[in-house]
Amino acid sequence: MKLQNLLFQWSNKDQTIKQNGYNVVILTDINTGVNSQKTAGAYRIASHLRNNSYSCKVIDHVEYLVDNYTNKFAKLLNQCVGEHTRIIGLSGTFMNYEHDAKTFKFLMVLLKSIKKKYPKLKVIIGGNGSNISYLLYFSQGVIDERVHGLAEVTVLRMLENYDNYKLDLLANEYDFHNCIPTFDREDCIQDGEVLPLELSRGCRFKCKFCAYPLLGRNPNDDKYLRTTESIVRELIHNYENFK
């Protein structure tokens, strides 16, 4: 399948987006463990933004695309960005910037040129492993902000009022208990692709070496456990929309 088809599935209702760009574009990568697959985090943010009437595009496999389709990737990213784009997000969880300096340096050059064209656009970075990259590039005027913790609420607040948003480290205002399906046809799911299903959040333990924000969770607190109805709704959604 052509790279264009892997990243975009335009429809007639997307004419405004094609002309003016997505409100948010998130660059991430895949989980390269035993079973390589999409990761839930970036798509969960996208789902929450879409549910609040913002358009969002997630581009994964970024390291592979930069290494193998450098120019095409740059062209496609520029197609996603326009006058309506407010934020470009970088994931620091599955894109290993410290070990793949070439990819990250290329992204910084590309994003700097995009910001020059759209000076109101903000570049933010989040996820585990984002701290070092943020410190390295913040002073160079490329990355504007690092988002700590679970990001659904924080990114939405940034869109609503970037100059005066409040950090919600644990996404307390996000109703994970009854959350909607993660993936959309916009996400270009391939035939037979295995999709992650987030059932709960947090850990009951409080290991000192762990940087995950939601530690010491009470196992009897259902705030970070999805309802049966929510899980079934997502399974049916995936079954009906993806092969």
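Residues numbered from 1 in each chain as written. Predicted model: local features only at pLDDT ≥ 70, side-chain atom pairs only at ≥ 80, totals over all residues. Heavy atoms only, no water.

### Digging into the packing of aromatic side chains
Thinking step 1. According to the stated counting rule, one finds three aromatic pairs in the structure shown.
Thinking step 2. Geometrically, the ring pair formed by Tyr43 and Phe183 is tilted, given 4.9 Å between the ring centres and 45 degrees between the ring planes. With a gap of 140 residues between them, Tyr43 in helix H3 (residues 40-51) and Phe183 in the loop between helix H8 (152-160) and helix H9 (228-241) connect regions that are remote in the sequence.
Thinking step 3. Judged by relative accessible area, Tyr43 falls into the buried class, the value being 1%.
Thinking step 4. A residue is classified by how much of its surface remains accessible, and Phe183, at 2% relative accessible area, is buried.
Thinking step 5. The positively charged end of Lys223 is found above the aromatic ring belonging to Tyr224, 5.6 Å away from the centroid. (Phe/Tyr/Trp six-rings, centres within 6.5 Å; stacked < 30°, edge-to-face > 60°. Helix = DSSP H or I, 4+ residues; strand = E, 2+ residues; numbered from the N terminus. Buried < 20%, exposed > 50% of the residue type's maximum accessible area, 1.4 Å probe, protein only. Lys NZ or Arg CZ within 6 Å of the ring centre and 35° of its normal.)

### Let's talk about the pattern of salt bridges
Thinking step 1. Applying the stated criterion across every chain yields a total of 11 salt bridges.
Thinking step 2. For Arg201, the salt bridge identified is with Glu152, shortest N-O distance 2.4 Å. Taken together, the residues Arg201 in the loop between H8 and H9 and Glu152 in helix H8 connect sequence positions 49 residues apart.
Thinking step 3. Arg201 serves as the salt-bridge partner of Glu198, at 2.8 Å between the closest nitrogen and oxygen.
Thinking step 4. If you follow the salt bridges from partner to partner, you end up with Arg44, Glu152, Glu198, Arg201, Arg226 and Glu234 in one network. (Salt bridge = Lys/Arg side-chain N within 4 Å of Asp/Glu carboxyl O.)

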